[in-house]
Amino acid sequence: MAVAEPPAIQCTALTRHFGALRAVDGVDLTVPPGVVFGFLGPNGAGKTTTIRLLLGLLPPTAGHLRVLGHDLPAGGRAVRARTGTVLEHHGLYEGLSARRTLEFAAGAHGLGPRTAAARVTEVVGRMGLADRLDDRPQALSRGMRQRMAVARALLAAPDLLILDEPTNGLDAEAAAGLRAAVRDLAAGGTTVFYTTHILGEAERFCDLVTVVRRGRVLGTGAPADLRRRAPVRAVRLEGPDLAARLGLLDGVPAAWTAVAPEVVRADVDGVDGVARLVAALAAAGVALHRVEPEGQTLEAAFLDLVAGDAPGPAT
Amino acid sequence: MTASDAAAPDAAAPDAAAPDATAPAGTDRPAPDRPVPAWRLVAGKELGDLLGRIGRRPVTRTLAVVGVFGLLIPLRFSGTANLPAFFAAFTAFLPARLVAIDAYAGERERGTLEALLASPLSDRAIAVGKVAAATAYGVARGWLFLAVWLASAGLLRATGLAPRAPLPTPAVLVAVVVAAVVVAFGAALFGVYQSAQAPSVRAIVESGGLLRLVVILVVFFVVPWVLGLLSPDGTAPALPVPGGGGVSADALVDALAVRPAAVAAAAAGAALAGLGWLWWLARATLRRTGREALALVGTDPDGARRSRRRRAGGPRS
């Protein structure tokens, strides 16, 4: 019988206060191994504090946190030894070449100088930056610096990769390259904890997402599942000669516009509104080939979750 | 491959001293690729980053300081041959302090501290490495001053350009070589202690400026003056006493010389007090450089204070 792998990250009622501020407030998370996990939220949602908790840099005020089989914060060092991180700042030293910085990072993971040098060359080569290894960060573009930071995170072949808004400031091509590299890693079994406030990116990229705001979890699930929770504001209908037939009807229970002779877009109020419209058209003998709710994006779901999260007492 | 796998080749590297039955006779076997001790790794990174950022400025500054304080002033005021020795200690103090106050606060400002804390290096290895780097840099600057001064003065004397160019006695030279290490270590330790909890280097520089000035004045000017090392004729001055008059510092030393036990006890007491202070400072620095304490800087002062109190006797990660 196959034994289910334990979660890479599991936290229960995780809480971290800074004085009166509740940066992380009763967060429950379960991240299975080998997935790209999106941790989404606006600025100040508690993403960076959560990362500090995951790395054992801060102890939780309350709750339980277990990462890669180690309870935190006691097992912080063991977790950091198996974790690669790309934080908000690339972390390259101004006075050192990228090679020296990466060799230092490899040494910090216990590699000897020769092994570290070989590993740096190999990983940076995979990132396509082998010819820039002897440059200092000031001589690298933002995208190159970010890729160097990713290379550093991969030096110790981590089981967990924590990426804190890694595509911030990258152009579209560099961001796509970085996402592809991360996807390859996840395919190889690495768990990726990916924070971002770019919802479209998370929608395309993550296997599982959690939406947080003011330190609280507002929703968790696969992006497709969360999308389906978004309210339906419009529906696209297709049918033979549909626009002309609707024009002849009285009392269509929705405002509508013709997109093409056979395609109509109607404004509705939620799923119930779609059902009422379809029922009314069926009763009038209007045939439909296709009914497709519009606007169910992760962004719409996010905004709906946020709207439902009324401000609590001042914290 | 996991991180532990990645490190495994090092851990499993054969001992160089052990015989290798599989190696043909006469084959050169490469030395095992042992990891560098963590504190040395950090110290190397600190020095490399520092030198990469500041370039050759330390050497040119040392030459300028030697020229003014090592040669010109002693030449102008005869009898101050040992004066440059105190500047050697001074040049160990300042660079060590400047590097030390940058250790955490500078990294925090440049954004690299979080990445360092996210590494598996222990809190202690990071702190020790930073203190070691600042000490080494201070000592190197102090000794560089001595070396350039001795070489310049020797050259001036040998060529007859300045036959009275100041050279120290061997005893003073040895004392300063040792003093540079002690001064640099103390400055490094105190600088790292301050740096750990400061939001920026500027905040440290602007705090306690007057106190620092007084300490520097006493250590580097008043003490040498009392000992007669700053007076033109090399004799200690009379110390003013309340109610008028004065007592010669030389007379004081002579008086103490007839009571060697008291002098030895005073010296031992001073040494113990100094060691005690360093011990307290080292422990306080290690507490301040714990990851939790570092991560809290700039977030919530009340929380940081509570955390420091709690960690005073608690375990370290």
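Rules used throughout
- Residues numbered from 1 in each chain as written.
- Chains lettered and ligands numbered in written order.
- Predicted model: local features only at pLDDT ≥ 70, side-chain atom pairs only at ≥ 80, totals over all residues.
- Heavy atoms only, no water.
- Patch = residues over 30% accessible without salt bridge, like charges linked within 9 Å, V, L, I, M, F, W, Y side chains within 5 Å.
- Areas by Shrake-Rupley, 256 points an atom, 1.4 Å probe, with all protein chains shown as cover.
- Salt bridge = Lys/Arg side-chain N within 4 Å of Asp/Glu carboxyl O.
- Helix = DSSP H or I, 4+ residues; strand = E, 2+ residues; numbered from the N terminus.
- Pairing = 2+ DSSP bridges.
- Axes fitted to C-alpha atoms, helices over the stretch in contact; angles between N-to-C directions.
- Contact = heavy atoms within 4.5 Å.
- Phe/Tyr/Trp six-rings, centres within 6.5 Å; stacked < 30°, edge-to-face > 60°.
- Buried < 20%, exposed > 50% of the residue type's maximum accessible area, 1.4 Å probe, protein only.
- Buried area = accessible area lost by both parts, 1.4 Å probe.
- Polar contact = N/O pair within 3.5 Å; in protein donor to acceptor, adjacent residues only side chain to side chain.

Description of a nonpolar patch on the surface
Together, Leu210(B), Leu211(B), Leu213(B), Val214(B), Val215(B), Leu217(B), Val218(B), Val219(B), Phe221(B) and Val222(B) make up an exposed nonpolar region whose accessible area comes to about 890 Å². Topologically, Val222(B) is positioned in helix 10 (residues 209-226).

Topic: the sheet that holds strand 8 (residues 191-196) of chain A
Residues and elements named next belong to chain A. With mixed pairing, the 6 strands of this open sheet are ordered in space as 6-7-8-3-9-10. Each end of this open sheet is capped by a strand with a single partner; those strands are strand 6 (83-86) and strand 10 (216-221). Sheet twist, expressed as the mean angle between neighbouring strand axes with direction ignored, is 15°. Pairing of strand 7 (residues 160-164) with strand 8 involves 5 bridges; the strand directions are parallel. Counted as the bridge partner of isoleucine 162 is phenylalanine 193 from strand 8. Of the strands in this sheet, strand 3 (36-40), strand 7, strand 8 and strand 9 (208-213) touch helix 1 (residues 47-54), which is tilted by about 155° from strand 8.

Details of the packing of aromatic side chains
Applying the stated criterion across every chain yields a total of 7 aromatic pairs over all chains. Judged by centre distance (6.2 Å) and plane angle (75°), the ring pair of Tyr93(A) and Phe104(A) falls under edge-to-face. With Tyr93(A) in the loop between strand 6 and helix 3 (98-108) and Phe104(A) in helix 3, the pair connects residues that are 11 residues apart, well separated along the chain. Both residues of the pair, Tyr93(A) and Phe104(A), count as buried. Ring centres 6.2 Å apart and planes at 15° place the aromatic pair Phe190(B) and Tyr193(B) in the stacked group. Taken as a pair, Phe190(B) and Tyr193(B) lie in helix 8 (residues 170-196) at a separation of 3 residues, close to a single helical turn. Note on Phe190(B): relative accessible area 31%, which makes it partly exposed. Taken together, the ring pairs in this structure connect Phe190(B), Tyr193(B), Trp277(B) and Trp280(B) into an aromatic cluster.

Re the interface of chain A and chain B
Contacts between the two partners involve 39 residues from chain A and, on the opposite side, 43 residues from chain B. Around 3500 Å² of area is buried between chain A and chain B when both sides are counted, 61% of it from carbon and sulfur atoms. For the chain A face of the interface with chain B, the top three residues by lost area are Leu57(A), Tyr93(A) and Phe104(A), together amounting to 17%. Counting across the chain A and chain B interface gives 1 salt bridge. In this structure, the salt-bridge partner of Arg52(A) is Glu114(B), at a minimum N-O distance of 3.0 Å. Linking chain A to chain B there are 10 residue pairs in polar contact (both at pLDDT 80 or more). At the level of elements, strand 1 (9-18), helix 2 (76-81), helix 3 and helix 4 (113-126) of chain A are the ones that each hand at least two residues to the side of chain A that touches chain B.

Side note on the pairing of strand 2 (residues 21-31) of chain A
All names here are of chain A. Pairing geometry for strand 1 and strand 2, over 8 bridges, is antiparallel. Following the sheet pairing, leucine 14 is matched in strand 2 by valine 27. The antiparallel pairing of strand 1 with strand 2 creates a hairpin that spans 2 residues between the two strands, and glycine 19 there sits at a positive phi of about 60°.

The values reported here are purely geometric and, on their own, carry no functional implication.
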